[in-house]
Amino acid sequence: MSSALTDLFPHPIVQAPMAGGVSVPRLAAAVSEAGGLGFLAAGYKTADGMYQEIKQLRGLTKRPFGVNLFMPQPEYADPAAVEVYAHQLAGEATWYDTELGDRDSGRDDGYDAKLAVLLDNPVPVASFHFGIPSSDALESLRRAGTFTLVTATTPEEALAVQYAGADAVIAQGVEAGGHQGTHRDLPEQDGSGLGLLSLVAQIRETVTVPIVAAGGIMRGSQIAAVLAAGASAAQLGTAFLATPESGAHDVHKQALTNPLYVRTELTRAFSGRPARGLVNRFLREHGPYAPAAYPEVHHLTAPLRKAAAKAKDAQGMALWAGQGHRMARELPAGQLVEILAAELDAARTALSGKGDLR
């Protein structure tokens, strides 16, 4: 992997940027301080909100970190389908004693303003989800000293990322919790995503840029597996969700290992875009009927999700989680990085024939 990235953090461990208040500065700082790469999630924040979190993080650590941006989304949602879904959610609004959100609250997530902040106040690493920045934007970030990564869910998307000029690609397998970072939201492809090991191997044979593997990784042995498949580092989200530094709601953290939640599923129920979460009542009742309409559905359900969280009702919350959620460990983030690094070393030793493979 390019030394421009490996020189930034000793361990090949990246903390995934989890939007919605999870990837807070204290979490990113703890990961970076332990030798991983901590990340802030700018998604759903204002440009100033992002800037304030960057300032706060810089006050907590002098080590490198990253910031993730959502790409603006094209207008392709069917207004009639969104209206039908809104009618279906009326009962939820009554139950939680709230109103549905404004589906027309904006679709670019303040991208241009956030990019301007990152160019004026460069950060070590920037990543992008839901598409690819322009070649000019990537080159401007490079000139500012920022290493750029872009999510891809197929070899074809990875090739487009390389062609645009990004420094590395994040290979996101279908096992990943939260939103799939597909460049185009095509309903006919729902459920057809590639598993991480297969995806990494295929992308490795498609592009020459470094790969960061993401999706369902919870142990150091899994990090060893993706490195062997061709990745240069691993990105973990759900593994850090349960840490005390995480900004996730306590109900969300507890649900990760609660026997009530035995599986995850990709759903459009909460946002209108495929995202993996624990199967709860809301997902079961509304997932089959949710339209392909992001961010309209996200805005529509925001008050419902907020009210459910306030009531500590896990059955109405978006409990984003990867397929490995039952392996979550309630450890301080820094300690988790150290344990993952030790597990990785043990796996490497075993695979090299110098130890027992167990």
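Just above sits the structure.
Analysis parameters
Residues numbered from 1 in each chain as written. Predicted model: local features only at pLDDT ≥ 70, side-chain atom pairs only at ≥ 80, totals over all residues. Heavy atoms only, no water. Helix = DSSP H or I, 4+ residues; strand = E, 2+ residues; numbered from the N terminus. Contact = heavy atoms within 4.5 Å. Polar contact = N/O pair within 3.5 Å; in protein donor to acceptor, adjacent residues only side chain to side chain. Pairing = 2+ DSSP bridges.

A. Structural detail: the environment of R273. Relative to the assigned elements, R273 resides in the loop between strand 10 (264–267) and strand 11 (275–278). In this structure, the C-alpha to C-alpha distance between R273 and A293, residues 20 residues apart in sequence, is 6.7 Å. If sequence neighbours within four positions are ignored, R273 has contacts with Q73, F130, H179, Q180, T182, H183, R184, D185, T267, R268 and Y294. One polar contact links the side chain of R273 to the main-chain carbonyl oxygen of Q180, over a distance of 3.2 Å.

B. Region of interest: the sheet that holds strand 7 (residues 178–179). If you walk across this open sheet you meet the three strands as 7-11-10, and the pairing is antiparallel. The sheet is open, and its two borders are formed by strand 7 and strand 10, each paired with just one other strand. Relative to strand 11, strand 7 is paired through two bridges, and the arrangement is antiparallel. Note on strand 11: the bridge partner recorded for H179 is A275.

C. Structural detail: unusual backbone geometry. With an omega dihedral of 10°, the bond running from Y294 to P295 counts as a cis peptide bond. On the secondary structure map, P295 appears in the loop between helix 13 (281–286) and helix 14 (296–310). With a phi close to 70°, Y44 is a non-glycine residue in the positive phi region. Along the polypeptide, Y44 turns up in the loop between strand 2 (38–41) and helix 3 (47–60).

The analysis is restricted to geometry; functional conclusions fall outside its scope.
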